Amino acid sequence: MAQQLQSINLVAPAFKGVNTEDSPLAQDPSFAEIADNAVIDKRGRIAARKGHDVITTTKTVLGTESIRAIKEFRDDGGNTKIFSVGNNKIISGTTTLVDETPASYTITADNWKMVNFNDNIYFFQRGYEPLVYDNAGGSVIKLSTVSGAAGVASAMYGNEVLAAYGRLWTADFSSNKSTIYWSDLLIGHDWSGGTSGNIDISKVWPDGYDEIVALAAHNGLLIIFGKHSIIAYQGAEAPATMSVADTVAGVGCVDRDTVQYTGTDVLFLSHTGLKSFGRTIQEKSMPISSLSGNITKDIIASLQAETEFFRSVYSPEEGFYLLTFTGQNTTFCFDVRGTVENGSYRVTRWPGTGFTSFTRLEDGTLYIGTSQGISEYTGYADNDEAYRFKYYSPSLTFGDSSRIKILKKLKPTLVGANSATVFLKWAYDFDTTFATAEFTVGTQVTGYFNESEFNSTAEFTGGELTSQRSLNATGYGTSVQVGLEADIDGSPLSLQEINVMALIGKLL
Amino acid sequence: MNLNLPGYTGTGGGATIGGGLNLPGYTGTGGGLTTGGGLNIPAMGEADIPVDLATATAGGLGGLGQIAGGIGDIFGGLMGAGQQALSSPNALMGLAGGLLTKEAYDRLSNIGEQAKREAMGVAERGQAESQFRPFTVTTPTGAMFSTSMGDQQPAPTPMGAMAPPSGQFIGGASPLAGMTPEQIQAAMTGGGLAGGIAGGLPAPQPAAQPAVMPTPAGDGLQVGMQLSPQEQALQQQLLGGAGGFFGQAAQPTADREQAIFERMRAAQRPEEERQRLALEERLAAQGRLGTSSAAYGGATPELLALSTAEREARDRSMLTAMQQAQAEQAQQATLGGQFLGAGYLPQQQLIAATQPGLIQQELAQQAQQFGTGLFGETALSGIEAQLLAEQARANLLGGIGSNVISGLINQQRAASAAPSSGGSSSLGGLFSSIAGGLGSIGGGIADILGIGG
């Protein structure tokens, strides 16, 4: 007797992002096994990320290298200028990259950090004399050449710089990993006079020894990130009298460029994953949850394998925190709008993007540095080239892992993806060989008043294109994994749902 | 026969007929007034007469001859008067009266000389009897004060056996006695006195200085003082201590300042260390141990405050050490002065003790002088009485002589009142001859000088 088809509806699949930590069989279908080049869109669906549009047209000074850091200079006069670094140069501009490297200043590394402070932008990199630019001067110069500069010595050529509480703070020096220097009040080039000073926290580390990696200012605290511990100082407005407010042992920061401010918290990458400073302080007496708890192993593997730089950016407009391992050409996208049950952010992965740096401009524009120059995070193509969106569900048992499932039909519902070719895939019993069904999404052009919709016979839609197809599936197995891939080339794509029609077979 | 001229007091002089004329200021011999000649002055002694005048001969130059003629007239007149007197009985009476008068004169002269000799004898005896008599004052502690005059020997010590046995000291021995200033300085700066001056100092050396006694040497008053051996030892001890204190007061204070400063700092350091440790703990608890701010001299405000407090304490200690060292220096000087004053205290006491003796000696001296004066007055009274008696006798003789001469003169005056009076002619010839001679001398002098008419 023929059995009735059983419909298993995967609504808003993977809206909880990737989860590689839990057992596939026990996973919620809301997780995804793979979510590449995806984000969680505004409706909570998994969707294709935006592409990047290369702004740069002339990148002679960059050569074949990549943009390693980008920063927007702004002053009180409203002057702005985009600075970037790459190819051992200080570069300005977006369309045409201009070498701003001071004369007789040799650079052999591009791990600069740039901060705006009191109408100046400062460039710090370990072992290099800091550089400074202001609009009046119009050129990048060495800090020691600034009129009134004092105390600019190799001892304070730090790798980390922070502009906070009216001063510049620098740390992580070539031979000193426990001292923090601060400049005179509002004078970024005075490091030996006024109220400038330094503090050696080698005796303060909660676990005896650590090395300063990054600095942050949050909620009236000066946060000092070590590799394995964190120290928060209060009263940093008067550094000479600031005192320890809290310490956290066992949690540190991997790299200064993973620290991002979200307005209410500070995100940073520790050796065990992405962490929140606020939550770390709250939970220091309890098992500290990780914001990357669903991909902890992946993160740890990535950071351990990283040989180049860590780059990150927080975009409140996009609602994500991007973390890139440039050496592995992989970016993790954490959706910061909410967390899942275990307190982790929903995360997707952007492999092979070639992103090497980010910055968010004052207007919310997200700039991305690549080997092609400076790009803007916009559109749905990577510099007019398509990129592959992938979604794979975890292995599904439909509630009974002891019975055979025989897939009959797969009915994905897609939003957008005009003219995109979609590949629907399925496999049984953890097999990595997937069966594929291909279809092309139709084209839908939005019609507006007094346009052709109203004065021709062509058909137009009033909103996003929604495509729903029904594809015949083959094979059987106790567990089923369903996937969807599509090349994103100009149009967004969101996966609304996948309806799986299957027959439940006998017990094995 | 001598001629006594009024105003002439020389002896052995006088005009002698055929002898010589002794004039005041004339000491020559061999000269004389020759009868019928001029004045022969073989050599001018002390007379202020030019030689050419003295040796001028009559009949030479006109002026000189006239002078010689005048002198001849004078002596001629005199010689004539003498011859007339010797040839008259009244003249013999006059001569007797003159001799009586001379005798009276001689007696007066002799009694004056005798009175002078006896008075000098009384004076010498009074001087001898009023001469300073040496005396000695001995105090109950054995000190002696003695005096002598010139070659006098000091008075014997009435209590010469009361000197204490050698080695006994009054008031105990000072640990500084017998020490040189260098030794005292070393003891003071070396901590010997810092922890009490009792230990580590050499034993006192008893003084063995000889007594200071007046040694007869030449004229004048000799005063001597001799302390007892105990007092000498005490004085030596005190003066030695004074020398030590003065020597120490004269030393630079830098070393002492440093020593005081170190002791003060040693007292302050433990508390400073506790404060430092407490601050270090606070800073460590606050995670600020390594804070260095340029605004606070490369430290934290608390460290700067602590360091400032420590520096101020050091500064205060330094100033206090300087003041203390200077105070000690002043104290050393004061002690030196006190020791010095105390060193002379036995001497002062000896001098004070001599005051009653001096009063007694003064009383004795007054009695001695009174007796001597009384003796002198008595002796002089006797001499005076003798003088008065002799004077009366001389007056008596002189009166007799005067009466004789007065009688003669009165008789001569009466005879002169008659028309032929040889005496009158004799005296008139005498005075006219003298007047004529003086006129001739004046005319001669005028001729010599060329001022005559």
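Residues numbered from 1 in each chain as written. Chains lettered and ligands numbered in written order. Predicted model: local features only at pLDDT ≥ 70, side-chain atom pairs only at ≥ 80, totals over all residues.

1. Quick look at the overall build of chain A
Here comes step 1: Broken down by element type, chain A carries three helices and 40 strands.
Here comes step 2: Taking the contacts inside chain A whose residues are at least 6 apart along the sequence as the reference set, 61% of them involve residues at least 24 apart. (Helix = DSSP H or I, 4+ residues; strand = E, 2+ residues; numbered from the N terminus. Contact = placed C-beta atoms within 7 Å.)

2. Some details on the confidence of the model for chain B
All names here are of chain B.
Here comes step 1: The predicted model of chain B has a mean per-residue pLDDT of 71, with 58% of residues at 70 or higher.
Here comes step 2: Contacts of residues 1–28 to residues separated by more than four positions or lying in other chains number 33 contacts, the stretch itself having pLDDT below 50.
Here comes step 3: In the predicted complex, the global pTM is 0.66; the interface-specific ipTM is 0.81. (pLDDT = per-residue confidence, 0-100.)

3. Some details on the sheet that holds strand E7 (residues 80–86) of chain A
Here comes step 1: Reading across the sheet, the four strands line up as E6-E7-E8-E9 (chain A) and stay open at both edges, with antiparallel pairing between neighbours. Edge positions in the sheet fall to strand E6 (69–74) and strand E9 (98–99) of chain A, since each has one partner strand and no second. (Pairing = 2+ DSSP bridges.)

4. Structural notes on helix H7 (residues 301–343) of chain B
Residues and elements named next belong to chain B.
Here comes step 1: Compared with an ideal rise of 1.5 Å per residue, which puts 43 residues at 63 Å, H7 spans 60 Å between its outermost C-alpha atoms and is within 8% of the ideal.
Here comes step 2: Within H7, burial applies to Leu303, Ala321, Gln324, Ala325, Gln332, Leu335, Gly336 and Phe339.
Here comes step 3: Where H7 is buried, its residues meet helix H5 (229–249) and helix H6 (254–285). (Expected span 1.5 Å × (residues − 1). Buried ≥ 20, exposed ≤ 12 C-beta atoms within 10 Å, placed from the backbone.)

5. So, the packing of H5(B) against H7(B)
All names here are of chain B.
Here comes step 1: For the pair H5 and H7, interaxial distance at closest approach is 7 Å and the crossing angle is 160 degrees. Our classification of the angle between H5 and H7 gives roughly antiparallel. Like other packed secondary-structure pairs, H5 and H7 cross with a definite hand, here left-handed. Of H7, the residues touching H5 (which contributes Gln235, Leu238, Leu239, Gly241, Ala242, Phe245, Phe246, Gln248 and Ala249) are Gln329, Gln332, Ala333, Leu335, Gly336, Phe339, Leu340, Ala342 and Gly343. (Axes fitted to C-alpha atoms, helices over the stretch in contact; angles between N-to-C directions. Parallel < 35°, antiparallel > 145°, perpendicular 65-115°, else oblique. Left-handed = near helix turned anticlockwise from the far one by under 90°.)

6. Here we look at the environment of Tyr367(A)
All names here are of chain A.
Here comes step 1: Mapped onto the fold, Tyr367 is located in strand E30 (residues 366–370).
Here comes step 2: By C-beta crowding, Tyr367 is classed as buried, having 23 other C-beta atoms within 10 Å.
Here comes step 3: Measuring from C-alpha to C-alpha, the distance between Tyr367 and Asp53 comes to 9.3 Å, with 314 residues separating the pair along the chain.
Here comes step 4: Apart from residues lying up to four places away in sequence, Tyr367 is in contact with Ile70, Phe358, Thr359, Leu361, Ile374, Ser375 and Glu376.

7. Things to note about the pairing of strand E34 (residues 421–428) of chain A
Residue and element names in this part refer to chain A.
Here comes step 1: Counted residue by residue, E34 has six buried out of eight residues, so it is predominantly covered.
Here comes step 2: Taken together, the six bridges between E34 and strand E35 (residues 435–440) define a ladder with antiparallel strand orientation. Across the sheet, Thr421 pairs through a bridge with Thr440, a residue of E35.
Here comes step 3: Between the antiparallel neighbours E34 and E35 lie six residues, among them Asp429 with a positive phi of about 55 degrees.

8. A look at the interface of chain A and chain B
Here comes step 1: Every contact between the two is made by 20 residues of chain A and, on the other side, 14 residues of chain B.
Here comes step 2: Where the side of chain A that touches chain B is concerned, the elements lending two or more residues are strand E17 (197–200), strand E20 (229–234) and strand E21 (243–249) of chain A.
Here comes step 3: Of the residues forming the side of chain A that touches chain B, the biggest block, four residues, is contributed by E17(A).
Here comes step 4: Its residues assigned to classes, the side of chain A that touches chain B comprises eight nonpolar, 10 polar and two charged.
Here comes step 5: Pairing between E17(A) and strand E6 (residues 290–293) of chain B: four bridges, direction antiparallel. Within the sheet, the bridge partner assigned to Ile199(A) lies in E6(B) and is Thr291(B). (Nonpolar A, V, L, I, M, F, W, Y, C, P; charged D, E, K, R; others polar.)

9. A closer look at unusual backbone geometry
Residue and element names in this part refer to chain A.
Here comes step 1: One non-glycine residue, Asn88, lies in positive phi territory at about 60 degrees.
Here comes step 2: Of note, Asn88 is situated in the loop between E7 and strand E8 (89–92).
Here comes step 3: Of note, the phi angle at Tyr165 is positive, near 55 degrees, even though the residue is not glycine.
Here comes step 4: Positionally, Tyr165 belongs in the loop between strand E14 (160–164) and strand E15 (167–171).

10. Remarks on the pairing of strand E33 (residues 403–416) of chain A
All names here are of chain A.
Here comes step 1: The sheet contact formed by E33 and strand E40 (residues 493–507) spans 12 bridges and is antiparallel. The residue bridging Thr413 from the neighbouring strand is Glu497, located in E40.
Here comes step 2: Pairing of E33 with strand E38 (residues 476–477), which is carried by two bridges, proceeds in the antiparallel orientation. Within E38, the position partnered with Ile406 by the bridge is Tyr476.
Here comes step 3: With two bridges joining them, E33 and strand E37 (residues 471–472) adopt antiparallel strand pairing. Residue pairing for E37: Lys409 is matched across the bridge by Asn472.

11. A few points about the environment of Leu465(A)
Here comes step 1: Tracing the backbone through its elements, the reader meets Leu465(A) in the loop between helix H3 (452–455) and strand E36 (466–468).
Here comes step 2: Sequence separation between Leu465(A) and Leu493(A) is 28 residues; the distance between their C-alpha atoms is 9.5 Å.

12. Some remarks on the nonpolar core
One recurring pattern in soluble globular proteins is that nonpolar side chains are buried together.
Here comes step 1: Ile46(A), Ile223(A), Ile224(A), Phe225(A) and Phe334(A) are the most contacted members of the largest nonpolar core, which totals 136 residues.
Here comes step 2: Domain assignment of the residues forming this core places at least three in each of domain 1 (6–50 + 390–507) and domain 2 (117–253) of chain A.
Here comes step 3: Ignoring sequence-local partners within four residues, the contact set of Phe225(A) consists of Val213(A), Ala214(A), Ala216(A), Ile230(A), Gly252(A), Cys253(A), Val259(A) and Phe268(A).
Here comes step 4: Grouped together as the second largest cluster of nonpolar side chains are eight residues, Ala233(B), Ala242(B), Phe245(B) and Ala249(B) included. (Core = buried A, V, L, I, M, F, W, Y, C linked by C-beta atoms within 7 Å. Domains from an automatic or database assignment.)

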